[in-house]
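Geometric and topological summary
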Amino acid sequence: MLLVAPVARSKRREMTVEEQKLFGLEKLLKIRSTIPAVTHVDYSARVQTVTEDYQPMFYRMIKSSTRNTLPGGHQHVVHVRGEPVVCAPEHAYKCFMRTNMDYLLLGNFLLERKDQKPLDKDIDWLKEFELD
């Protein structure tokens, strides 16, 4: 995560007068832009970038993805609620196996979910977090 920046006005969805009167989660859950997964309540976003020079394989994987394309041609990678940004291959694999992801690109390896054995003695992590 490099910085916090305002979401472009062209991507914003202004809240209605009725929505502005809401409070708490009711107000929080209102969509504020065409990129709702990254838009905060104040129309800012935490910007994270990947360059081809720094991470060439990851960059090419994101650029080639059509399922993850946002309006305007921007690609995204989704953070899993309740899971920290991974720091080790074991964390990435555990997160992959606990979610409904189809694939995990791990270094030079592409893992497909259907080829993996279920985790042994794992917790039901979905029950630990209230869904949005």
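Residues numbered from 1 in each chain as written. Predicted model: local features only at pLDDT ≥ 70, side-chain atom pairs only at ≥ 80, totals over all residues. Heavy atoms only, no water.

Quick look at the packing of aromatic side chains
Put simply, the rule reads: Between rings of Phe, Tyr and Trp, where Trp is taken as its six-membered ring, a pair exists when centres lie within 6.5 Å; planes separated by under 30 degrees are stacked, by over 60 edge-to-face, and by other angles tilted. A helix here means a DSSP run of H or I that spans at least four residues, while a strand means a run of E at least two residues long, and both kinds are numbered starting from the N terminus. Relative accessibility under 20% of the residue-type maximum defines a buried residue, over 50% an exposed one, and the middle range a partly exposed one, all with a 1.4 Å probe and only protein chains included. For a lysine, the NZ atom is tested; for an arginine, the CZ atom; a charge sits over a ring if that atom is within 6 Å of the ring centre and within 35 degrees of the ring normal.
Inspection of the entire model under this criterion finds one aromatic pair. Between the aromatic rings of Tyr-93 and Phe-96, the centroid separation amounts to 6.1 Å while the plane-to-plane angle is 55 degrees, which identifies the pairing as tilted. Linking Tyr-93 with Phe-96, this pair stays in helix H4 (residues 89-98), spanning three residues, or about one helical turn. On the accessibility criterion, Tyr-93 (22% relative accessible area) is partly exposed. Directly above the ring of Phe-96 sits Arg-113, whose terminal nitrogen or CZ lies 5.8 Å from the centroid.

So, the pattern of salt bridges
Selection rule: We count a salt bridge whenever a side-chain nitrogen from Lys or Arg sits within 4 Å of a carboxyl oxygen from Asp or Glu.
By the definition in use, this model includes two salt bridges. With a shortest N-O distance of 2.8 Å, Glu-19 and Arg-13 are connected by a salt bridge. For Glu-19, a relative accessible area of 12% corresponds to the buried category. A salt bridge links Glu-112 to Lys-114; its shortest N-O distance comes to 4.0 Å. Look at Lys-114 and you get exposed, because its relative accessible area is 67%.

Focus on the confidence of the model for the chain
Detail in the predicted coordinates should be disregarded across regions flagged by low pLDDT. For clarity, the threshold we go by: One confidence number per residue, pLDDT, is output by the predictor and ranges from 0 to 100.
Averaged over all residues, the pLDDT of the chain equals 80, while 76% of them reach at least 70. Helix H1 (residues 17-20) holds the highest mean pLDDT among the elements of the chain, 94, whereas helix H3 (residues 56-64) holds the lowest, 79.

A short note on the pairing of strand E4 (residues 109-112)
The line we're drawing: At least two DSSP bridges between two strands are required for those strands to pair.
Note: strand E3 (residues 103-106) against E4, four bridges, orientation antiparallel. In the strand pairing of E4, Leu-105 is matched with Leu-110. Joining the antiparallel neighbours E3 and E4 is a turn of two residues, in which Gly-107 adopts a positive phi near 65 degrees.

A short note on the environment of Ala-92
Counted only if it meets this: Throughout, a residue-residue contact means that at least one pair of heavy atoms, one from each residue, lies within 4.5 Å.
Along the chain, the position of Ala-92 falls in helix H4. Ala-92 gets classed as buried once you look at its relative accessible area, which sits at 10%. With twelve residues separating them along the chain, Ala-92 and Leu-104 place their C-alpha atoms 8.0 Å apart. Residue contacts for Ala-92: discarding those within four places in its chain leaves Val-86, Leu-104 and Leu-106.

Structural notes on the environment of Met-61
Checked against the element boundaries, Met-61 lands in helix H3. Met-61 sits in the partly exposed class, given a relative accessible area of 34%.

Here's the deal with the nonpolar core
Convention followed: Among the buried residues, those of types Ala, Val, Leu, Ile, Met, Phe, Trp, Tyr and Cys that are joined through side-chain atoms within 4.5 Å form a nonpolar core.
Ala-92, Phe-96, Met-97, Leu-104 and Leu-111 form the largest nonpolar core, which has five residues in total. When residues in this core are grouped by element, the largest group, three residues, is from H4.

Concerning unusual backbone geometry
The phi dihedral of Tyr-43 is positive, around 65 degrees, even though this residue is not glycine. Its location among the elements puts Tyr-43 in the loop between helix H2 (24-28) and strand E2 (44-47). By relative accessible area, which is 11% here, Tyr-43 ends up buried.

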